[in-house]
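# Observations on chain architecture
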Amino acid sequence: MNEILPETRGTSFAPSTNRHGRWRSFYNRLSKNKAALVGGYLVVLCVITAIIGPYLTQYDPAKVDYSIRLLKPSAEHWFGTDHNGRDIFTRIIHGMPLTLSVGFFSVLVGAVFGIILGVFSGYYGGKWDAVIMRVVDVMLAFPGILLALAIVSVLGKSLVMVVIAVGIFSVPTFARIVRGSTLAVRKLEYIDAMRALGASDRRIIFKHILPNISSPIIVQATLRIAIAILTASGLSFLGLGAQPPTPEWGAMLNDGRNYMQEHPHIALIPGIAIVVVVLAFNLFGDGLRDALDPKANK
Amino acid sequence: MFQYIIRRLLQTIPVIIGVTIIVFLLMHLIPGDAAQVIVGEGVPQEQVDQIRENLGLNEPIPVQYFNYIGGLLQGDLGDSIRSSRPITDEIFTSRFWITMELAVYSTILAVFLGLTAGIISAVKRNSAADVGIMIIALFGLSMPNFWLGLILIQYFAVDLGWFRPSGWGTWSQNVLPVITLGTGGAAIIARMTRSSMLEVIGQDYIRTARAKGVRERVVIYRHALKNAMIPVITVIGLEFGGFLGGAVLTETVFAVNGMGRYVIDSIRARDFPVVQGTVLVLSLMFVFVNLLVDISYRYFNKRIDLN
């Protein structure tokens, strides 16, 4: 199954001779796509918020003060306060670096292992390919969040375990895409020529295969960050990820559940924060795909 | 065709064996002494030893695995530590069927909404409807479904009182969980249908059909849609799997007593044999559905060599 993966469809693998020209045309295509620009700016904004935001907030994200619990949004507390009297705006800002790191590092874990498996499988083929692809099939046989859930359940509840679990959950997707792209590049004549000239496998893989399959990897990594953030927040919502009083958005949403009736903002705001960040990566990833892969979606 | 089905069935066997190995190894990934972790701290040593004995953790690992497989072949998933009841009974009395219903209804909703929206979008490309649908789909894709569930409960069940906020079985209980679980999938199917349709509409034979004077409606529905459906079918199969996994969150939010909630309750209670059993059953279900999807794919599309 899955022979037709949308991500790899029609991607061009022509070897690049002029790196600058390639980047310029990529940027031109990206800047023509308004949705992608909005996504890109949102991603940058999120990253800036994550880096400097925590220094600019005036409250302590973990300080409990029952005298000001469950306040509605106001000039003093922009997003109100939660059931422990903590300022929700401060907690959202402090949750941003957590959310982005979880997304980034879990995708990094998934991409590194996925690329190793995929390149190995696609480049060497044969028995290795058969074995690796069967392992990938097995990993894909666990529906959705279930593999990550099972891993966290045995390793223990913490954000680090969530990163590992969500990373493992992303490995098969990367492995498949990288394998497909590697196969396509390996068949090109100039790779045969390189080999005939006596280039080593290592040189061919690092100097020629990897640069040429970087587009689908970058696109997939961006879109995968969105999925990773959603999955990780789901695990935290279930109480299997970040533990209190960590200002993780999924965990905050879970805290707010019991107050939906009278104080819906406690659960609504972390949800909106998740939507904004995930939307940013989805928009940007879509735009990157259109820009890096001009043939698709025409 | 028959040969293909046999070959595809044979290919499934190593996957199933692999799934059982991973599920089996879960218990051995527990850091430290699994029996101790399960019973918790401050429990007499005899009780820990008893649990270890019951779970067969004293045997060498390969022996344990073969015992596990032996049990599975007889439909035995082991006993729940909490209730001491056979897990197979716990799951197949009602939980399995509830989660299947939830996943199947959600798939139906997602396919209906996703296909309709995707076709409208592709046919009316760049219109206000197209842009609107794609923006909604993007939000559907970016929304945590447990958050959507909480909002739906608050608005439609608590404030308006149209539906029941929890449980499963009656119409008024089923609507909200199905919407919660199905929307994300609908968004993915809508996007996939749109891009697949656009690709097909751009092909030469569609231009030929139009040039021959075939009516637009016939071009779209008879020629374009049929070929555009090929990649969409795969996505639908994958989404069904996503729903089986997503049921964990949806069932927790709506207090539905299906397999998803059973997994979560068991993780909290450190009832690992139940975690193993439910993960295994859901995964086998997913493998089975993908097998059906692949076979139907082949059936509808004899040109493709899926070897």
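Calculation notes
- Sequence positions are assigned chain by chain, starting from 1 and proceeding in written order.
- Starting at A for chains and at 1 for ligands, labels are handed out in the order in which the entities are written.
- pLDDT decides what is reported in this predicted model: residues at 70 or higher carry local features, side-chain atom pairs at 80 or more are listed and counted, and totals for whole chains, interfaces and linings draw on all residues regardless.
- Just so you know, side-chain values use all the structure's heavy atoms and leave hydrogens and water out.
- The secondary structure listing takes helices from DSSP runs of H or I that are at least 4 residues long and strands from runs of E that are at least 2 residues long, numbered from the N terminus.
- Whether a residue is buried, partly exposed or exposed follows from its accessible area with a 1.4 Å probe, protein chains only, as a fraction of its type maximum: under 20%, in between, or over 50%, in that order.
- Only heavy atoms enter the contact rule, under which two residues are in contact if any of them lie within 4.5 Å.
- Per-residue and other accessible areas follow the Shrake-Rupley method at a 1.4 Å probe size, with only the shown protein chains counted as cover for residues.
- UniProt positions are given in the numbering used here, feature names are shortened, and annotations may be inferred rather than shown by experiment.
- Boundary definitions for the domains trace back to an automatic or database domain assignment.
- As used here, buried area is the combined drop in accessible area, with a 1.4 Å probe, of two parts when they are placed together.
- A pair is scored as a salt bridge if a Lys or Arg side-chain nitrogen falls within 4 Å of a carboxyl oxygen belonging to Asp or Glu.
- Counted as a polar contact is a pair of N or O atoms within 3.5 Å, where, for protein atoms, one must be capable of donating a hydrogen and the other of accepting one, and residues adjacent in sequence contribute only when both atoms are in side chains.
- This arc is taken over the directions from the axis of the helix to the C-beta atoms.
- Here the nonpolar group is Ala, Val, Leu, Ile, Met, Phe, Trp, Tyr, Cys and Pro; Asp, Glu, Lys and Arg are the charged ones; every other residue, Gly included, is treated as polar.
- A fitted line through C-alpha atoms serves as each axis, taken over the contacting stretch for helices, and the angle formed by two N-to-C directions is quoted from 0 to 180°.
- Oblique is the label for any angle not covered by the other classes, which are roughly parallel (under 35 degrees), roughly antiparallel (over 145) and roughly perpendicular (65 to 115).
- By convention, the crossing between two helices is left-handed when the near helix turns anticlockwise from the far helix through less than a right angle, and right-handed when the turn is clockwise.

### Points about the overall build of chain B
Across its full length, chain B carries 12 helices and 0 strands. Its helices and strands taken in sequence order, chain B reads α-α-α-α-α-α-α-α-α-α-α-α from the N to the C terminus. Considering only C-alpha atoms, chain B reaches an extent of 85 × 55 × 30 Å along its principal axes. A buried classification covers 53% of the 307 residues belonging to chain B. Summarising the internal contacts of chain B: among those between residues at least 6 apart in sequence, 71% fall at separations of at least 24. For chain B, the computed accessible surface area is about 14,600 Å², with 62% contributed by carbon and sulfur atoms.

### Remarks on the UniProt feature "transmembrane region" (unreviewed entry) in chain B
Residue and element names in this part refer to chain B. In the UniProt entry, the feature "transmembrane region" (unreviewed entry) is given for residues 12-30, 102-123, 135-158, 170-190, 230-254 and 274-293. A distance of 28 Å separates the end C-alpha atoms of residues 12-30, which is 95% helix and 0% strand. For residues 135-158, helix accounts for 92% and strand for 0%, while the C-alpha atoms at its two ends are 28 Å apart.

### Quick word on the domain arrangement of chain B
Residues and elements named next belong to chain B. Looking at chain B, the domain boundaries give domain 1 (18-73) and domain 2 (96-300). Its C-alpha centre places domain 1 at a distance of 37 Å from the equivalent point of domain 2. With 12 residues of domain 1 at the interface, the matching set in domain 2 holds 7 residues. Broken down residue by residue, the surface that domain 1 buries against domain 2 is led by V19, V23 and I38, which jointly contribute 42%. Counting every contact that joins domain 1 to domain 2 gives 0 salt bridges. Counting across the interface, domain 1 meets domain 2 through 2 residue pairs in polar contact (both at pLDDT 80 or more). Contributions of two or more residues to the side of domain 1 that touches domain 2 are made by helix 1 (2-29), helix 2 (34-39) and helix 4 (61-73).

### Overview of helix 3 (residues 45-54) of chain B
All names here are of chain B. Here helix 3 has its buried residues at V48, I51 and R52. Take helix 3 and look down its axis: the buried residues cluster within an arc of 100°, on one side only. Every exposed residue of helix 3 that faces more than 90 degrees away from the buried side is listed here: E46, E53 and N54. Buried residues along helix 3 sit in contact with helix 2.

### What about the interface of chain A and chain B?
Contacts between the two partners involve 45 residues from chain A, matched on the other side by 55 residues from chain B. Taken over both partners, the interface formed by chain A and chain B buries close to 4,400 Å², and the fraction arising from carbon and sulfur atoms is 74%. Our count for the contact surface shared by chain A and chain B stands at 1 salt bridge. Between A:D286 and B:R191 there is a salt bridge, with the nearest N and O atoms lying 2.9 Å from each other. For the pair chain A and chain B, the interface holds 5 residue pairs in polar contact (both at pLDDT 80 or more). The set of elements that each furnish at least two residues to the side of chain A that touches chain B consists of helix 4 (126-140), helix 5 (146-155), helix 9 (214-237) and helix 11 (265-292) of chain A. Sort the elements by how many residues they give to the side of chain A that touches chain B and helix 11 of chain A lands first, with 12 residues. Of the residues that constitute the side of chain A that touches chain B, the class distribution is 28 nonpolar, 9 polar and 8 charged.

### Some words on the packing of helix 1 of chain B against helix 4 of chain B
In helix packing, the relevant descriptors are the interaxial angle and the interaxial distance, both defined with respect to the helix axes. Residues and elements named next belong to chain B. At their nearest, the axes of helix 1 and helix 4 sit 11 Å apart, and the two run at 125° to each other. It follows that helix 1 is oblique to helix 4 by the angle criterion. Crossing of helix 1 against helix 4: the hand is right-handed. On helix 4, the residues touching I17, T20, I21, V23, F24 and H28 of helix 1 are I61, Q64, Y65, Y68, I69 and L72. Considering only residue class, the contact of helix 1 with helix 4 consists of 9 nonpolar, 3 polar and no charged.

### Quick notes on unusual backbone geometry
Outside of glycine, negative phi angles account for most residues, and trans bonds account for most peptide bonds. In the segment running from A:P244 into A:P245, the intervening peptide bond is cis, with an omega of 5°. Checked against the element boundaries, A:P245 lands in the loop between helix 9 and helix 10 (249-256). One non-glycine residue, B:S84, adopts positive backbone phi at about 60°. Position of B:S84 among the secondary structure elements: in the loop between helix 4 and helix 5 (87-123). Here the phi dihedral of B:R270 falls at roughly 55°; this positive angle occurs in a residue that is not glycine. When you line up the elements, B:R270 lands in the loop between helix 11 (259-268) and helix 12 (272-300). Here B:R270 falls in the partly exposed class, since its relative accessible area comes to 37%.

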